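Notes for the structure review
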Amino acid sequence: MAEVLVYVDHVDGAVRKPTLELLTLARRIGEPVAVALGAGAADTAATLAEHGAARVLTHDAAEYADYLVVPKVDALQAAYEAVSPAAVLVPSSAEGKEIAARLALRIGSGIITDAVDLEASDEGPVATQSVFAASFTTKSRIAKGAPVITVKPNSAAVEAAPAAGAVEALAVSFSEKATGTKITGRTPRESTGRPELTEAAIVVSGGRGVGGAENFAIVEALADSLGAAVGASRAAVDAGWYPHSSQVGQTGKSVSPQLYIASGISGAIQHRAGMQTSKTIVAINKDAEAPIFDLVDYGVVGDLFDVVPQLTEEVKARKG
Amino acid sequence: MSLRIVVTVKYVPDATGDRHFADDLTVDRDDVDGLLSELDEYAVEQALQIAENADDAEITVLTIGPEEAKDALRKALSMGADKAIHVEDDDLHGTDAIGTSLVLAKAIEKAGYDLVISGMASTDGTMGVVPALVAERLGVPQVTLLSEVSVEGGPDGTVKGRRDGDIASEQLQASLPAVVSVTDQSGEARYPSFKGIMAAKKKPVTSWDLDDLDIEAEEVGLEGAYTVVDSATERPARTAGTIVKDEGEGGKQLAEFLAGQKFI
Ligand SMILES: Cc1cc2nc3c(=O)[nH]c(=O)nc-3n(C[C@H](O)[C@H](O)[C@H](O)COP(=O)(O)OP(=O)(O)OC[C@H]3O[C@@H](n4cnc5c(N)ncnc54)[C@H](O)[C@@H]3O)c2cc1C
Ligand SMILES: Nc1ncnc2c1ncn2[C@@H]1O[C@H](COP(=O)(O)O)[C@@H](O)[C@H]1O
C-alpha cells in the first residue's frame, strides 16, 4: 500500500490532537508514516502507533528549537526522499502551513491549505475547504507532484487503529539556509487549564458587549461549567480585555466545535470566518438585529449580564 | 546606501461584499468591488515606520493583479510609499500560490531589494504561505508573522521581531536581505492624508508583463497551476433557528435547549 507522510505536531513528546486526526485521514489514502522532530520526538511513537502509524521517523537536533521553520523543512524533505510517499499531510497551524508550502515548492508539488476533509479518489486525494468566510465549500486536488495538504483541527475523529509504529532514525543534513532566522528568545504561553481553543468541543466567546476585562469572569464561569474553551472577538482583544491567542476569526483562530456560544458579539464577517462551521451556534445579544442571529440555532435577545450568569447556574444545577 | 524595501500587496474582493466564484472556478474579481487587502495595509505601515527610522530608505509597493489592482497600489502610495510596480499579464489569470511566489520573487529580484514586507495572509485566499514561498525562492531568511518588527543598521543590517505562536512567543533575528510578514497586531495602519493622496498621483507606477520577468506562460495561470478546483458550492444558509426574547428566563430557556441537544 502507498505510504502517506504525516508531520507530527507535539510538545516535548506529547502529541497534539490535530495530528491524531491527520492519522485518521491519512489511513483513507494509504499507510501512515509519521515524522516527529525535536526534543521528545521518540516519545511520540506509542501514541502514534495506537492511532495507525506504521512507522515513526524521528530526529532531534538543536536546530529545531534555535532556528525558524527551515530546519523542519529540511527534515521533512529528507523524509519525503526516503519514503517517496503518495501524499504529505501537515497540521494547519501557522508554522505547519509554512513548512508544507516550502516543502511543496522544493519537491515540485502543489499545496492545499486548511482542508476540512479529505477523501481518496482515482486522481489522488480530494480536499474539502471552506472559503470566503465559510460561505462556499470547494473540492480541490493537486495536479502535479505528491499532494502536500494541511488540515485544520477538528476535521476528523480521532480513532484507535493499532499499528506497528516502528521507530526509525531519520537521517537529516541541514541546508546552509537552515540557520538563517535565529530564535533568540522564547516565552511560553501560560496555560489556562482550559481546553485548547481549536480543539475544544465547546467554545464560549465574549465580544465588545462584555464591556471590560474583569467582566470576562462571567464568560469564563460559563465556559468552566461546560468544560469549554474561552474565545474572544477582535474588538475584545483590541480593547485589551482578553489575549490575542484567544481571538476567534479571520486573523485569529478558526474553530469548528460542536457548540459555539457567542455573547456580546455582533457577528461581523471576519468573526464569522472563524466560527461559521461550528455544528451548533448559540448567541446572546441585546440587539435583535445583530447579524450573529442569522447563524444561530438558538438565540436569546437580552442582556448578557442577566442571561449568561443564569445559564451558568442552570448548567451547574443540571450537572449536579 | 539606501535601504530598499519592497512591500507585496494584493488587490482583493471586498470581504463585506458578495464574494463568489467565476465559471472557471477562479475568484470572481469583476462583480465585486476590490480594494487593497486590509492585512497588507499593516505591511505598508511597518514599511513606512522602518523607513522613517532608517537614515535613507525607499519603499516600492508591488502587486500582481488585473488592471484594477492599480487602485491597491495607489492607496499604498497615498499612505506614503515612494513608487509602485504592477505585474499584469492575461496569462496570469488563475495563478496559484506556487505561481504567485514565482512571479513575486522574479519581480522583487528585478526591482532590487534589501527587505521584503508582506501581509500575514490575503483576505481572499487566506493561505498565509506566499511570504514563506518567496523567501524559499529568493534563498533569504523568512522572518514571518511578526507582531513587532524593527530593522537596525541599514541595508547590511539585521531585522528583529516578535512572533506570537500557539505555544510560545518567539524573538526572531536575521540578517538582511530577508522576507518579513506582519500581522494585524503590528500596529494600526495610517489613513492617507489629503496631501498623501495628491502626491500619490505623481508617483511612478511601472508595469511589467511575463516577458519582462522571463517567465513562460505555462509556468503560471490556470494552466500552470499545481492545484485544481473541481467544484465550489455555496454553503446552504443556516436554517433559521429559534430566537427568544429574554423576559427573565432567557438563561433557563437556553439551558433547556442545550440539554435537549445533549450538551448538558
Ligand atoms: C482585516 C480584518 C480582520 C479582522 N479579523 C477579525 C477576527 O479575527 N476576529 C474578529 O472577531 N473580528 C475581526 N475583525 C473585526 C470585525 O470586523 C469586527 O469589528 C469585530 O468582530 C467586532 O467585534 P464584536 O462583535 O465584539 O463588537 P461589536 O461589533 O461592537 O459588537 C458588540 C455586540 O455586543 C452587543 N452587546 C453590547 N452590550 C451587550 C450586553 N450587555 N448584552 C448583550 N449584548 C450586548 C451589541 O448589541 C453588539 O452586537 C477583523 C477586521 C478586519 C478589517
Ligand atoms: N497577487 C499578489 N500580489 C502581491 N502580493 C501578494 C499577492 N498574493 C499574495 N501576496 C502577498 O502574500 C501575502 C500572503 O498571501 P497568501 O499566502 O495568499 O495568503 C499577502 O498578504 C501579500 O503580501
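Just so we're clear, the structure is a prediction, and the values are computed from it rather than from any experiment. (Residues numbered from 1 in each chain as written. Chains lettered and ligands numbered in written order. Predicted model: local features only at pLDDT ≥ 70, side-chain atom pairs only at ≥ 80, totals over all residues. Heavy atoms only, no water.)

Judged by nonpolar contacts, the single largest core of 78 residues is most densely connected at L5(A), L76(A), I5(B), V7(B), I117(B), V159(B) and V180(B). The greatest single-element share of this core, amounting to 8 residues, is contributed by helix α1 (residues 38-53) of chain B. Those residues within four positions of V159(B) in sequence are excluded, and the remaining contacts are V143(B), V149(B), S150(B), V151(B), L172(B), Q173(B), A174(B), L176(B), A178(B) and V180(B). Listed in part, the 32 residues of the second largest apolar core include V244(B), L254(B), A255(B) and L258(B). (Core = buried A, V, L, I, M, F, W, Y, C linked by side-chain atoms within 4.5 Å. Buried < 20%, exposed > 50% of the residue type's maximum accessible area, 1.4 Å probe, protein only. Helix = DSSP H or I, 4+ residues; strand = E, 2+ residues; numbered from the N terminus. Contact = heavy atoms within 4.5 Å.)

When pLDDT is averaged along chain B, the result is 95; 100% of the residues meet or exceed 70. In the predicted complex, the global pTM is 0.96; the interface-specific ipTM is 0.95. (pLDDT = per-residue confidence, 0-100.)

Turning our eyes to something else, we now look at the sheet that holds strand β13 (residues 202-206) of chain A. One open sheet holds the 6 strands; their spatial order is β14(A)-β13(A)-β15(A)-β16(A)-β17(A)-β13(B), and the pairing between them is parallel. The open sheet has two free edges, formed respectively by β14 (229-232) of chain A together with β13 (242-245) of chain B, since each of these has just one partner strand. The sheet shows a mean angle of 15° between the axes of neighbouring strands, direction not considered. Sheet topology note: the strand β15 (residues 259-263) of chain A/strand β16 (residues 280-285) of chain A ladder contains 5 bridges and is parallel. Each bridged residue has a counterpart across the sheet, and for Y260(A) the counterpart in β16(A) is I281(A). Here helix α6 (residues 216-226) of chain A sits on the sheet and contacts β13, β14 and β15 of chain A; the angle it forms with β13(A), its principal contact strand, is near 170°. (Pairing = 2+ DSSP bridges. Axes fitted to C-alpha atoms, helices over the stretch in contact; angles between N-to-C directions.)

Per the UniProt record, "domain: Electron transfer flavoprotein alpha/beta-subunit N-terminal" (unreviewed entry) is found at residues 4-187 of chain A. Between the end C-alpha atoms of residues 4-187 of chain A the distance is 34 Å, and the span holds 28% helix and 33% strand. (UniProt positions renumbered as here; feature names shortened; annotations may be inferred.)

Moving on: the sheet that holds strand β5 (residues 83-87) of chain B. The strand order β12(A)-β9(B)-β8(B)-β7(B)-β10(B)-β6(B)-β1(B)-β4(B)-β5(B)-β11(B) describes an open sheet built from 10 strands, whose pairing is mixed. Here the strands that pair on one side only, and so sit at the sheet edges, are β12 (182-188) of chain A together with β11 (205-208) of chain B. Here the strands of the sheet are splayed against their neighbours by 30° on average, with no regard to which way each runs. Where strand β7 (residues 142-152) of chain B lies against strand β8 (residues 158-164) of chain B, 6 bridges are found, and the strand directions are antiparallel. Residue S150(B) lies in a different strand from β8(B), and its bridge partner there is K160(B). Set on the sheet, α1(B) makes contact with β1 (3-8), β4 (57-64), β6 (115-119), β7 and β10 (178-182) of chain B; between it and β6(B) the angle comes to about 150°. Running over the sheet, helix α4 (residues 130-138) of chain B touches β6, β7 and β10 of chain B and is turned about 175° from β10(B).

Residues and elements named next belong to chain B. Taken together, 19 residues lie around ligand 2, and T8, V9, D40, S122 and G128 are the ones closest in. Here a nitrogen atom of ligand 2 sits 3.4 Å away from a polar atom, N or O, in the main chain of V9. Between ligand 2 and the protein, one listed contact pairs an oxygen atom with a backbone N or O atom of G119 at 3.1 Å. Alone, ligand 2 offers 480 Å² of accessible surface; in the complex the protein occludes 96% of this. Sorting the residues of the shell around ligand 2 by element identifies β4, α3 (97-111), β6 and α4 as the ones contributing at least two each. The dominant element in the shell around ligand 2, judged by the number of residues it contributes, is β4, at 3 residues. (Near = heavy atom within 4 Å. Polar contact = N/O pair within 3.5 Å; in protein donor to acceptor, adjacent residues only side chain to side chain. Areas by Shrake-Rupley, 256 points an atom, 1.4 Å probe, with all protein chains shown as cover.)

Around ligand 1 lies a shell of 27 residues, among which R208(A), S233(A), S266(A), Q270(A) and N285(A) are the nearest. Nearby residues around ligand 1 are contributed by chains A and B. R234(A) is positioned with one of its backbone polar atoms (N or O) 2.9 Å from an oxygen atom of ligand 1. Here an oxygen atom of ligand 1 and a backbone polar atom of G252(A) are 3.4 Å apart. Coverage of ligand 1 by the protein amounts to 82% of the 990 Å² it exposes when considered alone.

Moving on, we get to the interface of chain B and chain A. Taken residue by residue, the interface counts 78 residues in chain B and 86 residues in chain A. Both sides together, the interface formed by chain B and chain A hides about 7100 Å², and carbon and sulfur atoms give 57% of it. Across the chain B-chain A interface, the total number found is 10 salt bridges. Taking the shortest distance from any N to any O, the salt bridge between R163(B) and E98(A) comes out at 3.1 Å. At 10 residues, the largest contribution of residues to the side of chain B that touches chain A is made by helix α7 (residues 250-260) of chain B. In terms of residue class, the side of chain B that touches chain A is made up of 34 nonpolar, 25 polar and 19 charged. (Buried area = accessible area lost by both parts, 1.4 Å probe. Salt bridge = Lys/Arg side-chain N within 4 Å of Asp/Glu carboxyl O. Nonpolar A, V, L, I, M, F, W, Y, C, P; charged D, E, K, R; others polar.)

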